[in-house]
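Remarks on the overall topology
Chain residues, written in single-letter form:
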Amino acid sequence: MNIEKIKQRIQKFSNDRNWESFHNPKNLVMALNGEVGELNEIFQWLNFEESMNLPEDVKKHTKEEVADIAIYLIRICMKLDIDLEDAILNKMTKNEAKYPVETSFGGSKKYSKSRENR
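Figured I'd write up the structure that's included with this text. The model shown is predicted, which means the values in this text are computed figures rather than measured ones.

1. Quick notes on the overall build of the protein chain
- A tally of helices and strands in the protein chain yields seven helices and zero strands.
- Ordering the α and β elements of the protein chain from the N terminus gives α-α-α-α-α-α-α.
- Here the C-alpha atoms of the protein chain give a radius of gyration of 18 Å, more than 25% beyond the 13 Å that 2.2 N^0.38 yields for 118 residues.
- Projected onto its principal axes, the C-alpha positions of the protein chain cover 55 × 35 × 25 Å.
- Here the protein chain holds 118 residues, and 15% of them are scored as buried.
- Taking contacts inside the protein chain between residues at least 6 apart in sequence as the whole, the part at least 24 apart equals 56%.
- For the protein chain, the exposed area adds up to about 9500 Å²; of that, 57% sits on carbon and sulfur atoms.
- Charge centroids of the protein chain, computed over 19 positive and 20 negative side chains, lie 5 Å from each other.

2. Quick notes on the layout of surface pockets
- Computed from the structure, the largest pocket encloses a volume of approximately 380 Å³.
- Forming the walls of the largest pocket are 13 residues, and the residues nearest its centre are Arg9, Ile10, Phe13, Ser14 and Ile71.
- Listed by contribution, the elements that provide at least two residues to the lining of the largest pocket are helix H1 (3–16) and helix H4 (56–80).
- With five residues, the single largest contributor to the lining of the largest pocket is H1.
- Of the residues assigned to the lining of the largest pocket, the class counts are five nonpolar, two polar and six charged.
- Around the second largest pocket sit 15 residues that line it, and Ile3, Ile74, Leu84, Glu85 and Ile88 are the ones nearest its centre.
- Of all elements in the fold, only H1, H4 and helix H5 (84–98) reach the threshold of two or more residues within the lining of the second largest pocket.
- At six residues, H4 tops the list of elements feeding residues into the lining of the second largest pocket.

3. As for the packing of helix H2 (residues 25–43) against H4
- Between H2 and H4, the least distance of the axes is 9 Å, while the angle of their chain directions is 160°. Between H2 and H4, the crossing angle belongs to the class labelled roughly antiparallel. Between H2 and H4 lies a crossing whose hand is left-handed.

4. Side note on unusual backbone geometry
- The phi angle at Asn18 is positive, at roughly 55°, despite the residue not being glycine.
- On the basis of relative accessibility, which here comes to 62%, the residue Asn18 falls in the exposed class.
- One non-glycine residue, Asp81, lies in positive phi territory at about 55°.
- Take Asp81: it is sitting in the loop between H4 and H5.
- Taking the relative accessible area as the measure of exposure, Asp81 reaches 73% and is therefore exposed.

Thresholds, definitions, all that
- Residues numbered from 1 in each chain as written.
- Predicted model: local features only at pLDDT ≥ 70, side-chain atom pairs only at ≥ 80, totals over all residues.
- Heavy atoms only, no water.
- Helix = DSSP H or I, 4+ residues; strand = E, 2+ residues; numbered from the N terminus.
- Rg over C-alpha atoms; globule rule 2.2 N^0.38 Å.
- Buried < 20%, exposed > 50% of the residue type's maximum accessible area, 1.4 Å probe, protein only.
- Contact = heavy atoms within 4.5 Å.
- Areas by Shrake-Rupley, 256 points an atom, 1.4 Å probe, with all protein chains shown as cover.
- Lys, Arg positive; Asp, Glu negative; His and termini not counted.
- Charge placed at Lys NZ, Arg CZ, Asp CG, Glu CD.
- 1 Å grid on protein atoms, 1.4 Å probe; cavity = no way out; pocket = protein on both sides within 12 Å on 5 of 7 lines; lining within 4 Å.
- Points joined across faces, edges and corners; volume = space filled by probe spheres on them.
- Nonpolar A, V, L, I, M, F, W, Y, C, P; charged D, E, K, R; others polar.
- Axes fitted to C-alpha atoms, helices over the stretch in contact; angles between N-to-C directions.
- Parallel < 35°, antiparallel > 145°, perpendicular 65-115°, else oblique.
- Left-handed = near helix turned anticlockwise from the far one by under 90°.

Keep in mind these values describe shape, not function.
Written out as structure tokens, the structure reads:
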């Protein structure tokens, strides 16, 4: 994935439509939330098996919603000068500390609960 190429394309799209004034962090977060809601609707009433085996048309729709979410997330990072790669890698380091393999392997409990069971 070439994040810089994607950011340039997103910026051009916004500039070409004179949308910059609407793309503040608050509005972008609200738009992101709406897109997450649309993704949620796809899976809302599916059972596990159905969610793992989407029909091609539903998978295509899912792909579009995932793309919308990614676009808004990248746009938020652009507005707030957040290096997405750096943010992800730093968060993964924190997650690895919060969820050590010894206490988290095969479990689904939140880190505060998994530590109680040591």
